[in-house]
Number of protein chains: 4
Amino acid sequence: MSGVIGAYSKDGRDISKIIYYGLYALQHRGQVSSGIAVNNNGFVDYFRDLGLVHEVFPKETMERLRGNIGIGHIRYATTGESTIVNAQPLVVGYKRGALALAHDGSIVNFLKIRNQLEDNGTIFQSDLDTEVIANLIARYHKDNIEDAVLKALEDVKGSYGLVIMTTDRLIGARDSYGIKPLSLGKLGNDYILASETCAFDTIGADFIRDIEPGEIVVIDEDGIKSIKQGEKDKKLCLFEIIYFARPDSKVDGKSIYLSRIEAGRQLARESNIEGDIVMGAPDSGTVAAIGYAQESKIPYAEGLIKNRYVGRTFIQPTQELREQGVKIKLNVLKENVEGKRVILVDDSIVRGTTIKRTVEMIRKAGAREVHVRISAPPVIYSCHLGMDTPNRENLIAAETSVKAIEGTIGADSLYYLSLEGLIKAAGGEKMFCTGCFSGNYPIEKDQ
Amino acid sequence: MSGVIGAYSKDGRDISKIIYYGLYALQHRGQVSSGIAVNNNGFVDYFRDLGLVHEVFPKETMERLRGNIGIGHIRYATTGESTIVNAQPLVVGYKRGALALAHDGSIVNFLKIRNQLEDNGTIFQSDLDTEVIANLIARYHKDNIEDAVLKALEDVKGSYGLVIMTTDRLIGARDSYGIKPLSLGKLGNDYILASETCAFDTIGADFIRDIEPGEIVVIDEDGIKSIKQGEKDKKLCLFEIIYFARPDSKVDGKSIYLSRIEAGRQLARESNIEGDIVMGAPDSGTVAAIGYAQESKIPYAEGLIKNRYVGRTFIQPTQELREQGVKIKLNVLKENVEGKRVILVDDSIVRGTTIKRTVEMIRKAGAREVHVRISAPPVIYSCHLGMDTPNRENLIAAETSVKAIEGTIGADSLYYLSLEGLIKAAGGEKMFCTGCFSGNYPIEKDQ
Amino acid sequence: MSGVIGAYSKDGRDISKIIYYGLYALQHRGQVSSGIAVNNNGFVDYFRDLGLVHEVFPKETMERLRGNIGIGHIRYATTGESTIVNAQPLVVGYKRGALALAHDGSIVNFLKIRNQLEDNGTIFQSDLDTEVIANLIARYHKDNIEDAVLKALEDVKGSYGLVIMTTDRLIGARDSYGIKPLSLGKLGNDYILASETCAFDTIGADFIRDIEPGEIVVIDEDGIKSIKQGEKDKKLCLFEIIYFARPDSKVDGKSIYLSRIEAGRQLARESNIEGDIVMGAPDSGTVAAIGYAQESKIPYAEGLIKNRYVGRTFIQPTQELREQGVKIKLNVLKENVEGKRVILVDDSIVRGTTIKRTVEMIRKAGAREVHVRISAPPVIYSCHLGMDTPNRENLIAAETSVKAIEGTIGADSLYYLSLEGLIKAAGGEKMFCTGCFSGNYPIEKDQ
Amino acid sequence: MSGVIGAYSKDGRDISKIIYYGLYALQHRGQVSSGIAVNNNGFVDYFRDLGLVHEVFPKETMERLRGNIGIGHIRYATTGESTIVNAQPLVVGYKRGALALAHDGSIVNFLKIRNQLEDNGTIFQSDLDTEVIANLIARYHKDNIEDAVLKALEDVKGSYGLVIMTTDRLIGARDSYGIKPLSLGKLGNDYILASETCAFDTIGADFIRDIEPGEIVVIDEDGIKSIKQGEKDKKLCLFEIIYFARPDSKVDGKSIYLSRIEAGRQLARESNIEGDIVMGAPDSGTVAAIGYAQESKIPYAEGLIKNRYVGRTFIQPTQELREQGVKIKLNVLKENVEGKRVILVDDSIVRGTTIKRTVEMIRKAGAREVHVRISAPPVIYSCHLGMDTPNRENLIAAETSVKAIEGTIGADSLYYLSLEGLIKAAGGEKMFCTGCFSGNYPIEKDQ
């Protein structure tokens, strides 16, 4: 999981600040590393480091970075990969000049291609599948970059929202199933590409359209050009809808906020239960909880207050302190919970540890009953297409019945939204990757 | 405005971590400086610096700070005072040993007493009124510290929630009107004093009772002792209720959350208006908006999404970028606003600039009408008792009619909750300082 | 031990940079904390922190600090005192305005006066004897500051090179014996006071004269005025000559470099011994070694190379690594040592551990003989007047004979310069405090 | 210019600390970036960043880095190259596993090979010629790494002291002319490779021998193996002798210290001039000055005192302050200079600006005459083999006569050591690259 952005100013306007604020709007998509590359009069300047956008780019760095074309990347990383070597954009020199790439997604045949390249003596300086893409483009680039990108992307199988910068153009590409989102916007005469539309709102750009599954767009001084590369049926990642994207974004024409409200409403319809109060698990369950309350007519209330000041260097309480009752992130609003039948809404259960702690806290605060309602089906499979779900053995629902999970997390009842219900809420037609719930992934894992 | 905390462990348990996590729960009361002082076997060790709790106290510092008695302070500061010299706790040596003080509030006769002390050759090393209190205690301390504190507090006029540490006791004091809050809790055998009860929840302590107006509590190896110093009618600062305290705190027996819900309900009752949607200005208006929606039966929705990643070193957009539409903190959820009659609830209007920008954003996003509802009366007077309101000339309501403000902020209509309505919502009886709204302060400014 | 500097610009020129570069020239006098206070149009602005001058004062801080009068301080500290609370200048407000003080030296009746002040209710916020001086000045200041300073200094017994700043004048004072140095310089129309003349060279100022023992100079818009306060026979600290001051400084008219050369020559005269090579222990013994070589006609050579890149955060080798032979600061130049009779010159032996290690290294590198020559007498007494010598029990010469020390440090022979020889080399007459060697301190320790 | 080190522990001992302290001993060879790579049980872990060794490697980082094989690099960089991307060691994955390289030197046919590689689709992620070497090794590695390294080094023309690490061996290589130094040491059973022998002294290792020109050594569990690759006549860079290497190092059997002493002696012999005092320009001229004094019998003295506390963040004086006389790094010892005929010895003149300023300072301090003596011939050519000399247009001696330079730098006389004299002092035979003085480089610049 990552966030990408690109900008192209035909008039030669400096777009580095646009990249900065755009990345900042995408910060929820990754907090491990941040990077920006710009084309400064034919020279690619860039900086990337571990940290949030505002940590990696202090004022002095941003004053140095200037250019009329630029791309940016923020990275979410699973353990072990959080080294600066894997920070993007990847910037390389090759026979046609310089190339910068920023990639959200996962290439499933990455190792196979890497092995083939290594057999020909290619060296690799990171663990990024993006480095494979850069190598392929460099090899295929004979006459024009568009053909090279097209050929490279025909070789790779997987999910991607990809932005590529050369010293004279900006290229965006989305995988054939549209598993990862990528949208096109316009700010005056400048074109913008971004993982999510909330970036457009933040920088004041207008949303033009989503990049189509399998589409490559090339932006240069002649304007924008579209190339198609084997489009398949759209299979947008459902987790973008229920959890990952920001509620104020629209993905493939769908409002994330309204989809979550509707998922909450559908959850209320499917799981009829009496209760005194509906509350969301902060922050992921809030919107679905509001929808649930609207549909069920049971009053919505805030039941858990989050402390917003936890920083990177915060000292985690020791086990001993935790047992004494020190709990730093959340506090229950006793007034809303005491003696009440609480309906607690969340977007998903992965390992089950967080929801278990939350149920416990609410019960301790005096709730009479705690009913857990999840606005998605059980997560049974681990994603190999770029969503950062843990291995199957760590997915509580992989081998356990709903009844058993109910017991484990200490809920009076537990209900998961049906897959049909979720799809309906998310937009009706079957245009989603449901792999984590159904096991049906549009692209198989590579052997 | 500040937050204070104190802890005393009779059994000699290290309470430094308790102070740390307690301060962290009070972080919303101040973000400028943080400090902790502990009694380490008769030696007062301390550290204070500009920054948030987790910034000022990295792991190494916390490993060094150990003691069975301790106090902590976090400071909200107006411009010009944000120097480390004014960070608290104030720690001084005097003839009876060492003294540490942490103070939330404002002493109105501070300069008069400071001048008297200076006439006798006293030097001052900060701008803190707390330094005056320390000097008075040092002068009055003949036989016991309790009498010295009592005499010192008889000299000062103003508001305070005050914690004082010596090498063998912890003292808490609240001003005669109870303008500033201070509560007593217990964690096993340890006593805790804190500005707000949410600190008790965070550290796992039980709330015992509020310190009474004009009460001094002395905690030592013999337990807890209460001294009274001219109690007056309670005059708790109303801003604690409507804005400052955390919603999960109880102040003087009143739940902040429920008071705000009730203020929202009362606002709905008083200001009957038709609308399609109720939303809160993030984050201060959220709870009142939920209450308003409950009472008015108009659906509650989130209308503005806040970016949570703005850090201290974040680069503010230039004027030029702002005019181009770069807006980094908030984004409107168009889906909830487009074509709608929006009722926007906030807790107060001070300068009017923020609400004006918010109304503008909502309107731009396509709202048909924007009606602003404020869950408190107009702020007409500037506080001299410790609430950080600007000078009168910067208070938009000081000289302007509600009708004119309505125009200035661009709202279709504007309504402020009545003072009676607010007092009723906050607990019924007349036990609040209403100075900022009525001009009736329990303690006059010093000439 | 500390370094102080002050500057006064009659023309209102900003002197903060002068203070900065002057302090930097005095950095050898202390590396623990640095501070600068300036008079910015009647407002005293200041900053101080732990660290070297260039660490404490980054560009942004120096851009903020502006004023036509200023003082600076750098602090050498013994263990336990290295807290920011003890960083100077001390800045206080009192009835006549603001006062900033920077002090090099030690007040022996500090505790007695502090106790008296505490009996009257005075509080203290540091362990600095300077805080006592500030309190006394504040109490004595009736009509003019000069009288107050004079009276305050009459009360204190001890050593000091002191600079004091008010919002309209700069004051310098030296103790009655002139134990601590303080000199006057001029830079255009601006007056400068500094612990050592090398600060004048660095900032391009001309040396005017030394401040006399017992003299107070007051610099204001009317020029410079001198007040005498009980001058005694001069007793300049001999350690300034042999170790502490920078070789390019002149103290009380004496060139430090030439005094050390002469001490080396005298050492050669007193201790006739055959050898093949003379080398200094870096860096303190270098100059005396050159003198020794000149007088003895034995060739001077560098025998030990120092690594200049050891920084504050350098990881010290573990005991295990040290035993394996890891030695990071010094390396022996085998070519100069192998098979040679080495005469190793150093300025003093305090604990004896360093010289022991050095002798060992030289011997391991193949020296045939190692003869240690010290350009000062044995250090037998611990200083209470501001030189940072350890307690007597840690002074190797306090209870041990020269012969025994010779054995302990593993030298083939050991000789200390006679006190008479040192005094002669340092300028002839008896104008030095010889306490550390003779026990005769001009001012006794306070009971 | 750079410094490299490598270590191999057959017994599986952790050698990361050895690398750390060894790099620290080589810090004078580069201050721009530092890096360490280690083999941690078959996994190559590494870290590199801009900064000095102790800045780049805080304690936490060093605790993480563990391994039985390791290499390190410190980098000297000319402007424009100081980006983290060019920090070494370069670490790459390729078909046979992982490879880490650290390189001191310059490959003259770098661009030609890079172009060839790019024609085959290879991408580059840095400006380092080392990246070319890594690509060649990866391509040539069929059966064993030794052959691959041998073939790769046959392709490249230039200077190198190179260390290469795989997960089971350590390889060292020196260019055919031995332009760059590389030595072999032993620490217990562990083998060490380092640019200079002072690293062996620092870590307690014994010097075994120099790596021969054109030699490749391979160290693995079977011990050490030597491969020869077209050895040529030795052409060690003369600048290593006169300036770059540390005086306590031995390069190709020659003591740097003694060579410099001898160069100073030879300089005295060649340039007979009367004078009162000999001093060195700190620090590069010190040793030659001591030699000059020995031979000429004119007394040696320190004439310029250097401030050792200039740090990275030090604020450089403005032009205005500099004109007012602020001079922060050096101060003249007036006592040694006033009225004297000064012989000032330095190792070389490059641009001429520094020596000009120094002569000026000495004259201002009252010297009667200032005679400049340089312990090397005029630098007339710019090095393309890794010594960081500026372009010819910036070399003052490139187009100017000695007489004219004498005038420009304001000396009473100027004399350069003859090339024959220097070669004699450095060891007699013709075994040096004299390109910078004669234009005769053993390897030509590539077209």
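Since the model is a prediction, treat every value here as computed from it, not as a measurement. Sequence order sets the numbering: in each chain, residues are counted from 1 along the sequence as written. Both sets of labels track the order of writing: A upward for chains, 1 upward for ligands. Reporting in this predicted model follows two pLDDT cut-offs: at least 70 for local features of residues, and 80 or more for side-chain atom pairs to be given and counted; totals over whole chains, interfaces and linings ignore these cut-offs and use all residues. Derived side-chain values reflect all non-hydrogen atoms in the structure, with water molecules and hydrogen atoms excluded from consideration.

Draft legend 1. Spotlight on the side chain of A:Lys234. Residues and elements named next belong to chain A. Numbering of helices and strands runs from the N terminus; a helix is a DSSP stretch of H or I covering at least four residues, while a strand is a stretch of E covering at least two. As for its placement among the helices and strands, Lys 234 is situated in the loop between strand E13 (223-228) and strand E14 (236-237). N or O atoms within 3.5 Å of each other form a polar contact, as long as, within protein, one can give a hydrogen and the other can take it, and as long as residues adjacent in sequence are counted only when both atoms are side-chain atoms. In this structure the side chain of Lys 234 is engaged in a polar contact, spanning 3.4 Å, whose partner is the side chain of Asp 252. In what follows, residue pairs with any heavy atoms lying within 4.5 Å of each other are defined as contacts. In this structure, Lys 234 is in contact with Tyr 177, Pro 213, Asp 252, Met 431 and Phe 432, ignoring residues within four places of it in sequence.

Draft legend 2. How the structure looks around the domain arrangement of chain A. All names here are of chain A. Residue ranges for the domains originate in an automatic or database domain assignment. Splitting chain A by domain gives domain 1 (2-234) and domain 2 (258-311 + 322-438). Once you take the C-alpha centre of each, domain 1 and domain 2 turn out to be 34 Å apart. On the side of domain 2, seven residues touch domain 1, which itself brings ten residues to the contact. By convention, the term buried area covers the 1.4 Å-probe accessible surface removed from two parts as they join, with the contributions of both added. At the boundary of domain 1 with domain 2, total buried surface from both sides reaches about 660 Å², with 61% on carbon and sulfur atoms.

Draft legend 3. Inspection of the UniProt feature "binding site: [4Fe-4S] cluster" (unreviewed entry) in chain A at higher detail. All names here are of chain A. Mapped onto the present numbering, the UniProt feature "binding site: [4Fe-4S] cluster" (unreviewed entry) falls at Cys 237, Cys 383, Cys 433 and Cys 436. In summary, the annotated positions, though distributed over 200 residues, converge in three dimensions, the widest C-alpha pair being only 10.4 Å. As for its position among the elements, Cys 237 is in strand E14. Here's how the labels work: a residue is buried when its accessible area is under 20% of the maximum for its type, exposed when over 50%, partly exposed in between, all with a 1.4 Å probe on protein chains only. Note on Cys 237: relative accessible area 9%, which makes it buried. Structurally, the position occupied by Cys 433 is in strand E23 (residues 432-433). Overall, Cys 433 belongs to the buried group, its relative accessible area being 10%. Sequence-distant contacts of Cys 433, that is, excluding residues within four places in its chain, are made with Lys 235, Leu 236, Cys 237, Leu 238, Tyr 441 and Pro 442. UniProt positions are given in the numbering used here, feature names are shortened, and annotations may be inferred rather than shown by experiment.

Draft legend 4. How the structure looks around the relation of the copies chain A and chain B. By a simple turn and slide, chain A fits onto chain B: the slide is 0.0 Å along the axis, the RMSD is 0.1 Å, and the turn is 180 degrees. When the rotation and shift are considered jointly, the pair of chain copies conforms to a two-fold rotation axis. Closest to the rotation axis within chain A is the C-alpha of A:Arg308, separated from it by 4.1 Å. Least-squares fitting of one copy onto the other uses the C-alpha atoms of those residues that reach a pLDDT of at least 70 in both copies.

Draft legend 5. Local environment of the interface of chain A and chain B. On the chain B side, the residues contacting the 60 residues of chain A number 61 residues. Summed over both sides, the interface of chain A with chain B buries roughly 4,900 Å², with 59% coming from carbon and sulfur. Just to be clear on terms, a salt bridge is a Lys or Arg side-chain nitrogen sitting within 4 Å of an Asp or Glu carboxyl oxygen. Where chain A touches chain B, the interface holds four salt bridges. The partner of A:Lys334 in a salt bridge is B:Asp201, and the shortest N-O contact between them spans 3.9 Å. Across the contact surface, chain A and chain B share 28 residue pairs in polar contact (both at pLDDT 80 or more). Those elements that place two or more of their residues in the side of chain A that touches chain B are helix H1 (16-25), helix H3 (59-64), helix H7 (198-203), helix H9 (256-270), helix H10 (286-296), strand E19 (330-332) and helix H12 (334-337) of chain A.

Draft legend 6. Local environment of the relation of the copies chain D and chain C. For the match of chain D to chain C, the screw axis carries a shift of 0.0 Å, the RMSD comes to 0.1 Å, and the turn is 180 degrees. When the interface residues of chain D are mapped onto chain C, 100% of them are again interface residues, pointing to one common binding face.

Draft legend 7. Spatial organisation of helix H13 (residues 353-364) of chain D. Residues and elements named next belong to chain D. Multiplying 1.5 Å by the residue count of a helix minus one yields the expected span of that helix. Between its terminal C-alpha atoms H13 stretches 17 Å, which fits the 16 Å expected from twelve residues at 1.5 Å a residue. Of the positions making up H13, those classed as buried are Ile 355, Thr 358, Val 359, Met 361 and Ile 362. Looking down the long axis of H13, one finds its buried residues gathered within 160 degrees of arc, a one-sided arrangement. Of the residues one or two after H13, Gly 366 is the one with positive phi, at around 105 degrees. Along the arc lie the directions from the helix axis toward the C-beta atoms.

Draft legend 8. Structural detail: the nonpolar core. With 158 residues, the main nonpolar core has A:Leu344 and B:Leu344 as its most contacted residues. If we skip the residues at most four places from it in the chain, A:Leu344 touches A:Met279, A:Gly280, A:Ala281, A:Leu304, A:Ile355, A:Thr358, A:Val359, A:Ile362, A:Val370, A:His371, A:Val372 and A:Arg373. With 157 residues, the next largest nonpolar core counts C:Phe244, C:Leu333, D:Ala288 and D:Ile374 among its residues. By nonpolar core is meant a set of buried Ala, Val, Leu, Ile, Met, Phe, Trp, Tyr and Cys residues that side-chain atoms within 4.5 Å join together.

Draft legend 9. Molecular detail of the packing of aromatic side chains. Only centres within 6.5 Å qualify two rings of Phe, Tyr or Trp (six-membered ring in Trp) as a pair; their planes then separate them into stacked at under 30 degrees, edge-to-face at over 60, and tilted for everything else. By the definition in use, this model includes 25 aromatic pairs over all chains. Each residue in the set B:Tyr76, B:Tyr243 and B:Phe244 is aromatic and connected to the rest through ring pairs, giving one cluster.

Draft legend 10. How the structure looks around the packing of helix H9 (residues 256-270) of chain B against helix H15 (residues 419-426) of chain B. Residues and elements named next belong to chain B. A fitted line through C-alpha atoms serves as each axis, taken over the contacting stretch for helices, and the angle formed by two N-to-C directions is quoted from 0 to 180°. The contact between H9 and H15 brings their axes to 8 Å, and the two run at 145 degrees. Of the two elements, H9 crosses H15, and the hand of that crossing is right-handed. Seen from H9, the contacting residues are Ser 259, Glu 262, Ala 263, Gln 266 and Glu 270; seen from H15, they are Gly 421, Lys 424, Ala 425 and Ala 426. Note on convention: the crossing is left-handed when the near helix lies turned anticlockwise from the far helix by less than a right angle, right-handed when the turn is clockwise.

Draft legend 11. Spatial organisation of the sheet that holds strand E9 (residues 183-187) of chain D. All names here are of chain D. For two strands to count as paired, DSSP must find a minimum of two bridges between them. With antiparallel pairing, the seven strands of this open sheet are ordered in space as E3-E2-E4-E1-E10-E9-E11. With partners counted over all chains shown, the strands left at the sheet margins are strand E3 (43-50) and strand E11 (206-210), one partner each. Across the sheet, the mean angle separating the axes of adjacent strands is 15 degrees when strand polarity is ignored. As paired elements, E9 and strand E10 (residues 190-194) share five bridges and run antiparallel to each other. Each residue of the ladder has a partner; that of Lys 186, found in E10, is Tyr 191.

Draft legend 12. Broad picture of the arrangement of the chains. With no contact between them, chain A and chain C keep their nearest C-alpha atoms 13 Å apart. Of all C-alpha pairs spanning chain B and chain D, none lies closer than 13 Å, and the two are not in contact.

Draft legend 13. View of the pattern of salt bridges. Per the stated rule, a full pass over the model turns up 109 salt bridges over all chains. In this structure, B:Asp104 engages B:Arg29 in a salt bridge whose closest nitrogen and oxygen atoms are separated by 3.0 Å. With B:Asp104 in strand E6 (residues 97-107) and B:Arg29 in the loop between helix H1 (16-25) and strand E2 (33-40), this residue pair connects regions lying 75 residues apart in the sequence. For the residue pair B:Asp104 and B:Arg29, the accessibility class agrees, reading buried in each case. By sharing partners, the salt bridges in this structure join A:Arg29, A:Asp104, A:Lys180, A:Glu196 and A:Glu240 into a single network.

Draft legend 14. Summary view of the interface of chain D and chain C. Contacts between the two partners involve 60 residues from chain D and, on the opposite side, 60 residues from chain C. Overall, the association of chain D and chain C removes approximately 4,900 Å² of surface from exposure, summing both partners, and the carbon and sulfur fraction of that is 59%. Its largest share of buried area at the contact with chain C, chain D owes to D:Tyr24, D:Tyr309 and D:Ile315, together 16% of the area lost on that side. Where chain D packs against chain C, one counts four salt bridges. C:Glu335 is the partner of D:Lys250 in a salt bridge, and the nearest nitrogen-oxygen pair spans 3.9 Å. For the pair chain D and chain C, the number of links is 28 residue pairs in polar contact (both at pLDDT 80 or more). Listed by contribution, the elements that provide at least two residues to the side of chain D that touches chain C are helix H1 (16-25), helix H3 (59-64), helix H7 (198-203), helix H9 (256-270), helix H10 (286-296), helix H11 (319-324), strand E19 (330-332) and helix H12 (334-337) of chain D. The greatest single-element share of the side of chain D that touches chain C, amounting to six residues, is contributed by H1(D). Residues belonging to the side of chain D that touches chain C are distributed by class as follows: 30 nonpolar, 17 polar and 13 charged. Each residue is assigned to one class: nonpolar for Ala, Val, Leu, Ile, Met, Phe, Trp, Tyr, Cys and Pro, charged for Asp, Glu, Lys and Arg, and polar for all the others, Gly among them.

Draft legend 15. Representation of helix H6 (residues 145-155) of chain D in the model. Those residues of H6(D) not exposed but buried are D:Ile145, D:Glu146, D:Ala148, D:Val149, D:Leu150, D:Ala152 and D:Leu153. Here H6(D) starts with a cap whose side-chain oxygen sits 3.2 Å from the backbone nitrogen of D:Glu146, and that cap is D:Asn144.

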